Amino acid sequence: MTTPLLTLENVSKSFAGNNALTDISLEVNAGEVLCLLGDNGAGKSTLIKVLSGVHKPTSGSLTVNGETVVFDSPKAAGDVGIATVHQYGGTFPLMSVARNFFVGQEPTKGVWPFRYFDQKTAGDITVREMQKLGITRVTDGSRLAGALSGGERQSLAIARAVYFGAKVLILDEPTSALGVKQATHVLRLIMQARAQGIAVIFVTHNVTHAMAVGDQFAVLIHGRKADGFRKGERTREQITDLMAGGEAMAELEADLAKLTGTIKVP
């Protein structure tokens with residue numbers, strides 16, 4: 001049996017006595033997409049911060065390749081191959097795409113203390129890696145990141161993560177606020193990362209997008225894992241109903257039926 005690349009066991013996180021996460025257990029496998037589903041306030045953002053080293057769990061444990069890890073910072077998570085891409089890629093609009101690609105890990109030329117940023121090398125690598133992901137419109141690494149579309153900025157961030165050896169790629173609402181064409185491109189990027197053996201955690205509230213690429217799914221409600229299942233084990237309607245609260249949705253539909261029954265159509 002293959003050891004999961006990333007495992008969470010009974011992870012909880014509280015702030016001033018208020019539970020944001022309660023007993024979350026997940027397994028993330030190499031070459032698979034785990035879709036983390038939930039409405040606003042479900043606990044997705046807190047869980048991302050625990051995985052990426054921003055928050056330490058109050059209780060529970062994380063393991064990477066079977067070894068227990070404790071992250072003191074996002075850098076510690078990055079050192080074991082966990083990369084997080086936030087909405088719009090977390091890019092700096094007034095910096096070049098090459099600067100964005102290599103921020104914090106810039107290639108340099110010259111001799112200390114007169115070393116300087118190697119713009120040509122950085123630009124060539126950035127353009128090459130982005131074109132691998134289908135962004136052929138970017139041909140100059142000195143182009144400002146702010147001139148890119150939302151989908152292209154996501155591509156830039158994903159290309160950077162893959163280039164620097166990400167083993168677990170966390171994508172936080174990458175298709176939110178994107179048009180159909182751009183969202184479709186981002187979903188293709190997710191499938192490309194999976195094909196390269198990367199474990200992808202796709203955080204979203206869009207059930208349609210999740211079902212298009214997901215291998216396994218976890219639904220969070222009020223900081224708890226309400227359900228976990230593999231592809232094909234739930235219908236879109238079942239997942240949507242669960243995210244909406246199940247019984248609450250049924251009660252709403254019943255109330256609407258009563259209301260429409262009192263309205264007489266001429």
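Residues numbered from 1 in each chain as written. Predicted model: local features only at pLDDT ≥ 70, side-chain atom pairs only at ≥ 80, totals over all residues. Heavy atoms only, no water.

(A) Focus on the sheet that holds strand β4 (residues 59-64). Overall, antiparallel pairing links the four strands, which are arranged β2-β1-β4-β5 in an open sheet. This sheet does not close on itself; its edge strands, each paired only once, are β2 (18-28) and β5 (67-69). The sheet shows a mean angle of 30° between the axes of neighbouring strands, direction not considered. Sheet topology places strand β1 (residues 6-15) next to β4; five bridges connect them, and they run antiparallel. Bridge assignment links T7 to a residue of β4, and that residue is T63. (Pairing = 2+ DSSP bridges. Helix = DSSP H or I, 4+ residues; strand = E, 2+ residues; numbered from the N terminus. Axes fitted to C-alpha atoms, helices over the stretch in contact; angles between N-to-C directions.)

(B) A look at the packing of helix α4 (residues 119-132) against helix α5 (residues 150-163). In the contact formed by α4 and α5, the axes pass within 9 Å of each other and the chain directions differ by 105°. Compared by their axis directions, α4 and α5 come out roughly perpendicular. Contacts from I125, T126, R128, E129 and M130 of α4 reach α5 at E152, L156, A159 and Y163. Of the residues belonging to the contact of α4 with α5, the class tally is five nonpolar, one polar and three charged. (Parallel < 35°, antiparallel > 145°, perpendicular 65-115°, else oblique. Contact = heavy atoms within 4.5 Å. Nonpolar A, V, L, I, M, F, W, Y, C, P; charged D, E, K, R; others polar.)

(C) Main features of the packing of aromatic side chains. Scanning the model with the defined rule gives seven aromatic pairs in all. On the numbers, 6.0 Å between centres and 80° between planes, the contact of F102 with Y163 is edge-to-face. Placement of F102 in helix α3 (residues 97-102) and of Y163 in helix α5 is noted, with a sequence separation of 61 residues between them. F102 sits in the buried class, given a relative accessible area of 4%. Among the residues examined, Y163 registers a relative accessible area of 32% and is labelled partly exposed. An aromatic cluster of at least three residues, connected via ring pairs, comprises F101, F102, Y163 and F164. In this structure, R99 is placed above the aromatic ring of F117, and the distance from its NZ or CZ to the ring centre is 3.8 Å. (Phe/Tyr/Trp six-rings, centres within 6.5 Å; stacked < 30°, edge-to-face > 60°. Buried < 20%, exposed > 50% of the residue type's maximum accessible area, 1.4 Å probe, protein only. Lys NZ or Arg CZ within 6 Å of the ring centre and 35° of its normal.)

(D) Expanded view of the packing of α5 against helix α6 (residues 180-195). The N-to-C vectors of α5 and α6 enclose an angle of 15°; their axes lie 8 Å apart at closest approach. Overall, the two elements α5 and α6 adopt an arrangement that is roughly parallel. Every pair of crossing elements has a handedness; the one defined by α5 and α6 is right-handed. Contacts from G150, G151, Q154, S155 and I158 in α5 reach Q182, H185, V186 and L189 in α6. In terms of residue class, the contact of α5 with α6 is made up of three nonpolar, six polar and no charged. (Left-handed = near helix turned anticlockwise from the far one by under 90°.)

(E) Looking closely at the pairing of strand β9 (residues 168-172). Counting buried positions along β9 gives five out of five residues, so the element sits mostly inside the fold. Side chains V168, I170 and D172 of β9 all project onto a buried face; the interleaved residues L169 and L171 project onto the opposite face, where all are buried too. Judged from the four bridges that link them, strand β6 (residues 82-85) and β9 form a sheet pairing that is parallel. Directly across from I82, in β9, lies its bridge partner V168. By the bridge criterion, five bridges tie β9 to strand β10 (residues 199-204) in an arrangement that is parallel. If you follow D172 over to β10, its bridge partner there is V203. Note on the crossover from β9 through α6 to β10: the handedness is right-handed. (Right-handed = clockwise from strand over helix to strand, strands pointing away.)

(F) The environment of T175, seen in detail. Here T175 shows up in the loop between β9 and α6. For T175, a relative accessible area of 5% puts it in the buried group. Put simply, T175 and Q87 are 88 residues apart on the chain and 7.9 Å apart in space, counted from C-alpha to C-alpha. Setting aside residues up to four positions removed in sequence, T175 forms contacts with A183, V186, L187, F202 and H209. For T175, the side chain forms a polar contact with the side chain of H209, separated by 2.9 Å. (Polar contact = N/O pair within 3.5 Å; in protein donor to acceptor, adjacent residues only side chain to side chain.)

(G) Structural view of the sheet that holds β6. Pairing within the open sheet is mixed, and its six strands lie in the order β6-β9-β10-β3-β11-β12. The open sheet has two edge strands, β6 and β12 (224-230), and neither has a second partner. For this sheet, the mean inter-axis angle between neighbouring strands, taken without regard to orientation, is 15°. Pairing analysis gives four bridges linking strand β3 (residues 33-37) to strand β11 (residues 216-221), with the strands arranged parallel. When the sheet's bridge partners are listed, C35 is paired in β11 with F217. The strands touched by α5 within the sheet are β6 and β9, with β6 carrying the most contacts at an inclination of about 175°. Across the face of the sheet, α6 comes into contact with β3, β9 and β10 while running at roughly 155° to β10.

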